[in-house]
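# Residue-level structural notes
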Amino acid sequence: MAIAMEIEGFLKECERSGDAAYAALKSLLEKLENPGTRSDARVFFARLQQRFDSEDAGEQCFRTYHFRIHDVLLHDFQGGIRHSLCYEENLRSNHNLVKFICKFLALLVAIVFRSYHIVDCLILPLDLFLHLIYLHSLLGQAHIKGNQKRKKLTMVEIPSIFVPEDWSFTFYEGINRHPDSMFKDKTVTELGCGNGWISIALAQRWSPLKVYGLDINPRAVKISWINLFLNALDDNGVPLYDAEGKTLLDRVEFHESDLLGYCRQNKLQLERIIGCIPQILNPNPEAMSKMITENASEEFLFSLSNYCALQNSGISELVRTKEWVDAQLLALRWRSIDPSLINIFRCFFNCKTCTKLGGVYYVSTTIRHLSRHFFGNSVSIQSYLWQWKKIPVKQQMVLGVLEDQFGLGLIARAVEEGIEVIKPNGIMIFNIGGRPGQVVCKRLFERRGFSITKLWQTKIMQAADTDISALVEIEKNSHHRFEFFMGLVGDQPICARTAFAYAKSGGRISHALSVYSCNLRQPNQVKIIFDFIKNGFQELSSSLDLSFDNDSVADEKIPFLAYLASVLKENTFLPYQPPAGSTDFRNLIAGFMKVYHRIPITADNVTVFPSRSVAIENALRVFSPQLAIVDEHLTRNLPKQWLTSLKIEGTGDDQKAITVIEAPRQSDLMIELIKKLKPQVVITGMAQFEAITSSAFENLLNTTRDTGTRLFLDISDYFELSSLPGTNGVLKYLAGKCLPSHAAILCGLVKNQVYSDLEVAFTISEDSTVYKTLSKTVELMEGHTALFSQYYYGCIFHELLAFQLPDRHPLAERESDNSNSVKLIGFASSAISALNTAELSVNDEKNSQLIHMDVDQNFLPLPSVVKAFIFESFSRQNMVDSETNARPAIEQLVQSIYGFQCDCSSEFIFANSHLSLFNKLVLCCIEEQGTFLFPSGTNGSYVSAAKFMSADVVIVPTKLEVGFKLVPDTLSSLLGTLRKPWLYLCGPTVNPTGLLYSNNEIKEILSVCAKFGVKVVIDTSFSGLDFCADGWSRWDLQACLSSLTCINSSFCVSLLGGLSFELLTGGLEFGYLVLNDPTLVDAFSALPSLSRPHRTIVYAIKKLLGLRQQKSQSFFQVMDEQKDILKRQSDCLMQTLRNCGWDVISCHSGVSMVAKPTAYLGKMLKLDCFNAKLDDTNFREAMLKATGLCINSGSWTGIPNYCRLTFALDSADFARALECIALFKKLVLEK
């Protein structure tokens, strides 16, 4: 009687409203959570369910009392008769055993009573008795088993949360297809658990270790807890234990969470993630999560469970105040929308249809209501919203339209969050409606690195009240077609437009509903990638594509992207690497040779080049042979003037010219030519049939040794980056014998699975003189090899070495090459002279504490946008040509910044570095027998490179009074004595002084050059970071050139540039050259061996140029921040130098300054490693050995006694550099 009265009071309270019903249920939950009142509360629910024990009564309860309790049946197909059939089968199988036991007992009784005629009388009752006992036993087992694996769930439902329906039942069926081991003893999370029925059913059937049911709706979580108690206890409040002695309370928890937020915050690692997540357009639960309250309206909380409270398609917003609405309307997200739509929002906010619920304004999610309110039935508001063509691409990327426009954005976010918390062997299972199309649904997972399996697919009817007109608008503005079906039996898909028309005419449409199971194909690497993305690079998610048809491509690219993500995440700037190649990369090459080919070389034996053709050209230049024989397959990228036989015919007059003749690859023919012609250098490969054994290689070695010929053997075609490399006769030879001093190995790396045009080359020499000289040659001629190309191949080498145990097999002792050869050709005199006098960067790889103030690299923090574009360039697939065509952006750059006019006849040439482009211009000067002029105070690397190539170099004097800038009068007096002059001019920013040429100064210099027909090369590579430019007039080269009156016909201006400073890319270099003179364009085209930037780098550069062109506020803010840092550090360095006895020239731009160590010259420095009087020739060495600080001396700057110091260092290294300067003062001046 008491329970009945309690029930009546409960129902009376629930009848008031849905909120009241929820409050009453919540009070019952508190009793269920209390062990002392738990049983009574469960009995109360049992009696309450009996009150409404029919389906009609349950519906009436839902309408009247705003809740219902009903059973969700979980029988398998024909599961209702399965148990009875099982009993009959067991009874039938044990009938003979029962009969035997009956006869045996009857016989015992007869023996005891010595009356055998009663046996037949006893058998029948005994048989019946034993069958009854057996039946009782089976029924008892069935009762226990029923408690363990119940075939139904008792569930409470309220209006503000989803109830089980087709979507969730289909999802459960898909899960049901897995074996018991799928969830047994696993940690599982269900996303969007609703009233918790799937989490509870999963725990009941599969006995997982723990199930976390998560939902963003706080009421759903409370109801889920109630349902958990209802199914963990029987109707009498007695706990139901499973075979392991656990109840559902031990296995299931429910928590309020926006997708996987709870798991991420609590650092849970999951083995299974399942989710039946709604498909909506452009969800924004992040904004909602800040305003969700348990007391919000039922209508809102129901829409919240569907994540639709901020859908574009529903025009829904949560707002607190009118001011908040106005602020949102001004946000970036809506800037490109028609202004009339903004007025609609304001009007709608003030209209009577907007109701205030619980202190929160809720704008109706019904699009049709809004359309009728403002437009009647004639206009659909989606036509204002789904105008994708009007939304900027960057804005679309931020909005996530890649999946959002198909309604998959929320699922995509769940998948990406799942990558963070899923264990490496974990599995995700999701329910996805097929409206976007099966290809789109699959790509959602595949492009994030998943392998997928479709577990189950069916069709469900499209809800009659669902408006699909937004999908029609998407089809109108894109090539995509959604997939619907006519009824449940239709097998041919129809598009959204057809489905919309069919439904409007009374037809019923359906769509596919699929359950997908997916697991990460390379979990550790994919986790690294997404960990990088979530840390400030979320916009990259839209461009990321980890879907590959070929597993070998995936096995190569995904590890590289993971490595790249690690490098960009862990390094604030791209670290300095030796010009001869990254130390790590050369160690990996040496390690691969050691492990796979048994060749014990070290990183010192390896020199890295941008490409094989560059390596060949540099090798020929460093030796400058009068005659070289080159394999006919390797000559196509050599300078055309080399490919003559004039020297052989005795008609060549130029003693400096290199003559190259082509030869067949077959070794016997090559040997015959070597014996007859006796060339100084031979560069050749091996025929395929000869490469298997080492005999052909040995014959070449012997022949070239006898003739005193340098041999470079190319093994590119037969060098395999594989864990099972094929037989290679050359490498087999090197495993047993040392490489002779006259020979070197050349290898171009082009055999990768992803980028057929991504190349790096390396040479191997065991002669220290050769590999040191080749290393210096790379620095002078190329600067360095593209860092990301080294990263790519380094990652491949690392993958091949990572699983190997080090030094497991001792290497065999190799034979030394003791044979004497005829005297070999030495290095070219011009090359040796240039290399000996050039101040190259210090590369003491054993001393990691060196501070480099001697390299032209920006070591300030790399902006996030630069990192993002670098990563995006490699993560993208199938780039179109327009995305890697940088010419329009470069053309706009040089016109807007320098006023340099370009037209259709202008030639744009791109390279990995501006230095390599400059060197090609030097070769053009040499070809026309011109003279190259350099003002004193010019970048020393450029001067040394010109001398290395035997150019006729003249230094133009400059004076301290003008900051060592070029003066027109001095230039004019010198030009009158020269024939075919070329002038190198660094500007507007002068490297190394950091001063600026004004527009008037460059106009006067060009006026002099025009008069004498000078070919002017203006190098802008070090410009763009002018941090103290007050009063400086920007350049307008077009105006300067058009104002010239006296112009010699040979006068022209070429613009050389690099974007590492202009775009803050640090170690990522990109050089460009703009030529306007047709004769120079023709001359340059005859020099084909240029290291071109890979398309990934061009893509990143173009994206950055696009930001500059769009005047991106964030990009220019970062640039201003770096200028401020440079200003502070230049001032600080200048003050420190002056305090320590240096005379400093104030700088205004760039990354370097020059200063004279006046107080130190002529002073003695006595150290264990250095003991001499300081002068311009040894000052650099003294500073290095005393403090570890690397600077350039006067021989580099071209200004006697003036040193160059760069200051674009990160804060820690810059502070150490200042300490080194102060320490040097103590060692020299304060002894």
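Rules behind the numbers
- Residues numbered from 1 in each chain as written.
- Predicted model: local features only at pLDDT ≥ 70, side-chain atom pairs only at ≥ 80, totals over all residues.
- Heavy atoms only, no water.
- Helix = DSSP H or I, 4+ residues; strand = E, 2+ residues; numbered from the N terminus.
- Buried < 20%, exposed > 50% of the residue type's maximum accessible area, 1.4 Å probe, protein only.
- Contact = heavy atoms within 4.5 Å.
- 1 Å grid on protein atoms, 1.4 Å probe; cavity = no way out; pocket = protein on both sides within 12 Å on 5 of 7 lines; lining within 4 Å.
- Points joined across faces, edges and corners; volume = space filled by probe spheres on them.
- Nonpolar A, V, L, I, M, F, W, Y, C, P; charged D, E, K, R; others polar.
- Pairing = 2+ DSSP bridges.
- Right-handed = clockwise from strand over helix to strand, strands pointing away.
- Axes fitted to C-alpha atoms, helices over the stretch in contact; angles between N-to-C directions.
- Parallel < 35°, antiparallel > 145°, perpendicular 65-115°, else oblique.
- Left-handed = near helix turned anticlockwise from the far one by under 90°.
- Disulfide = S-S within 2.5 Å.
- Phe/Tyr/Trp six-rings, centres within 6.5 Å; stacked < 30°, edge-to-face > 60°.
- Salt bridge = Lys/Arg side-chain N within 4 Å of Asp/Glu carboxyl O.
- Expected span 1.5 Å × (residues − 1).
- pLDDT = per-residue confidence, 0-100.

## Let's talk about the overall build of the protein chain
- Check the secondary structure of the protein chain and you find 49 helices and 34 strands.
- Considering the protein chain as a whole, with its 1231 residues, one finds that 56% of them fall into the buried category.
- Of all intrachain contacts in the protein chain linking residues separated by at least 6 positions in sequence, the fraction that spans at least 24 positions is 77%.

## Considerations on empty space enclosed by the protein
- Taken as a whole, this structure holds 13 cavities of 30 Å³ or more when the rule is applied.
- Approximately 510 Å³ is the volume found for the largest cavity.
- Taken together, 32 residues form the lining of the largest cavity, with Gly 783, His 784, Val 855, Asp 856 and Glu 1069 sitting closest to its centre.
- Residue assignment for the lining of the largest cavity shows that the elements contributing at least two residues are helix 34 (768-781), helix 35 (787-801), helix 39 (914-927) and helix 40 (940-948).
- Its residues placed into classes, the lining of the largest cavity shows twelve nonpolar, 14 polar and six charged.

## With respect to the pairing of strand 27 (residues 1052-1058)
- Burial runs high along strand 27: seven of the seven residues are buried.
- Examined bridge by bridge, strand 26 (residues 1015-1019) and strand 27 share five bridges and lie parallel to one another. Across the sheet, Lys 1015 pairs through a bridge with Cys 1052, a residue of strand 27.
- In terms of handedness, the path from strand 26 via helix 43 (residues 1037-1042) over to strand 27 forms a crossover that is right-handed.

## Remarks on the packing of helix 25 (residues 523-534) against helix 26 (residues 551-570)
- Interaxial distance between helix 25 and helix 26 falls to 8 Å at its minimum, and their mutual angle equals 40°. The orientation of helix 25 relative to helix 26 falls into the category oblique. The handedness of the crossing between helix 25 and helix 26 is left-handed. Contacts between helix 25 and helix 26 pair Gln 525, Val 526, Ile 528, Ile 529, Asp 531 and Phe 532 from the former with Ile 558, Pro 559, Leu 561, Ala 562, Ala 565, Ser 566, Leu 568 and Lys 569 from the latter.
- Residue composition of the contact of helix 25 with helix 26, grouped by class: ten nonpolar, two polar and two charged.

## Quick look at the packing of helix 39 against helix 44 (residues 1078-1085)
- It is the contact of helix 39 with helix 44, at a shortest axis distance of 9 Å, that shows an interaxial angle of 105°. The orientation of helix 39 with respect to helix 44, classified from their angle, is roughly perpendicular. Here Leu 917, Lys 920, Leu 921 and Cys 924 of helix 39 come into contact with helix 44, specifically with Leu 1080, Ala 1083 and Phe 1084.
- Split by residue class, the contact of helix 39 with helix 44 holds six nonpolar, no polar and one charged.

## A short note on the sheet that holds strand 30 (residues 1152-1156)
- The strand order across the open sheet built from three strands is 29-30-34, with neighbouring strands paired in antiparallel fashion. Either end of the sheet is taken by a strand with one partner, and the two such strands are strand 29 (1143-1144) and strand 34 (1203-1206).
- Docked against the sheet, helix 46 (residues 1113-1139) engages strand 29, strand 30 and strand 34, running at close to 10° with respect to strand 30.

## Regarding the state of the cysteines
- Scanning the model with the defined rule gives zero disulfides in all.
- With no disulfide partner, Cys 924 has as its closest neighbouring cysteine sulfur the one in Cys 925, 8.8 Å distant.
- For Cys 924, a relative accessible area of 3% gives the class buried.

## Brief notes about the packing of aromatic side chains
- Inspection of the entire model under this criterion finds 52 aromatic pairs.
- With 5.2 Å between their ring centres and 85° between their planes, Phe 697 and Tyr 733 make a pair best called edge-to-face. With a gap of 36 residues between them, Phe 697 in helix 32 (residues 695-707) and Tyr 733 in helix 33 (residues 729-736) connect regions that are remote in the sequence. Side by side, Phe 697 and Tyr 733 carry an identical accessibility label, which is buried.
- An aromatic cluster is present here, built from Phe 560, Tyr 563, Tyr 755, Phe 788, Tyr 791, Tyr 792, Tyr 793 and Phe 874 joined pairwise through their rings.

## Side note on unusual backbone geometry
- Of note, the bond from Gly 987 into Pro 988 is cis; its omega dihedral lies within 30 degrees of zero at 0°.
- Topologically, Pro 988 is positioned in the loop between strand 25 (981-986) and helix 42 (999-1012).
- Residue His 66 is not a glycine yet carries a positive backbone phi of 65°.
- Mapped onto the elements of the fold, His 66 is located in the loop between helix 4 (55-65) and strand 1 (68-73).

## What to know about the environment of Gln 929
- Relative to the assigned elements, Gln 929 resides in the loop between helix 39 and strand 23 (931-935).
- Excluding residues within four positions of it along the chain, Gln 929 makes contact with Arg 979 and Lys 980.

## Some details on the pattern of salt bridges
- All told, the structure shown has 44 salt bridges when counted by the stated rule.
- With a shortest N-O distance of 2.9 Å, Asp 717 and Arg 665 are connected by a salt bridge. Remark: Arg 665 occurs in the loop between strand 16 (659-663) and helix 30 (667-677) and Asp 717 occurs in the loop between strand 18 (710-714) and helix 33; sequence separation between them is 52 residues.
- Accessibility expressed as a relative area gives 37% for Asp 717, which makes it partly exposed.
- Here Arg 1034 ties to Asp 1026 by a salt bridge, and the two come within 3.6 Å at their closest N and O atoms.
- Residue classification places Asp 1026 among the buried residues on the basis of a relative accessible area of 14%.
- Where salt bridges share partners, they join Asp 258, Arg 264, Arg 413, Glu 417, Glu 420, Asp 531, Lys 534 and Lys 569 into one cluster.

## Looking at helix 32
- Over its 13 residues, helix 32 extends 19 Å from the first C-alpha to the last, a length consistent with the 18 Å expected when each residue adds 1.5 Å.
- Every buried residue of helix 32 is listed here: Ala 696, Phe 697, Leu 700, Leu 701, Thr 703, Thr 704, Arg 705 and Thr 707.
- Where helix 32 is buried, its residues contact helix 30, strand 17 (681-684), helix 31 (688-691), strand 18, helix 33 and strand 19 (743-749).
- Looking one or two places after helix 32, you find Gly 708, whose phi comes out positive at around 70°.

## Things to note about the side chain of Asn 618
- Along the chain, Asn 618 falls in helix 28 (residues 612-623).
- For Asn 618, the contacting residues outside a window of four places in its chain are Phe 609, Thr 777, Met 781 and Glu 782.

## A look at the confidence of the model for the protein chain
- Summing up the model confidence of the protein chain, the mean pLDDT is 83 and the portion of residues at 70 or higher is 82%.
- Scored below 50 in pLDDT, residues 135-148 makes ten contacts in the model with residues more than four places away or belonging to other chains.
- In the predicted structure, residues 282-291 sits below a pLDDT of 50 and forms 28 contacts with residues beyond four places in sequence or in another chain.

## Points about helix 25
- End to end, helix 25 covers 16 Å across twelve residues, agreeing with the expected 16 Å (1.5 Å per residue, within 8%).
- Those residues of helix 25 not exposed but buried are Pro 523, Gln 525, Val 526, Lys 527, Ile 529, Phe 530, Phe 532 and Ile 533.
- Against the buried residues of helix 25 lie helix 21 (409-421), strand 10 (422-433), strand 13 (509-520), helix 26, helix 35 and helix 37 (864-875).
- Residue Gly 536 follows helix 25 closely and has a positive phi angle near 95°.

## Considerations on the side chain of Ser 789
- With respect to the secondary-structure elements, Ser 789 resides in helix 35.
- Other than its neighbours up to four places away in sequence, Ser 789 contacts Leu 758, Glu 759 and Val 760.

## Considerations on the sheet that holds strand 23
- Sheet architecture is open: seven strands sit in the order 22-28-27-26-25-23-24, paired in mixed fashion. Of all strands in the sheet, those bounded by a partner on one side alone are strand 22 (907-911) and strand 24 (952-956). Neighbour-to-neighbour, the strand axes of this sheet turn through a mean angle of 20°, independent of strand direction.
- As paired strands, strand 27 and strand 28 (residues 1071-1075) are joined by four bridges and run antiparallel to one another. Looking at the pairing, Leu 1056 lines up with Leu 1073 of strand 28.

## Concerning the environment of Val 440
- Within the secondary structure layout, Val 440 lies in helix 22 (residues 438-446).
- Taking C-alpha positions, Val 440 is 9.7 Å from His 480, a pair spaced 40 residues apart along the chain.
- Residues in contact with Val 440, not counting those within four places in the same chain, are Phe 406, Leu 408 and His 480.

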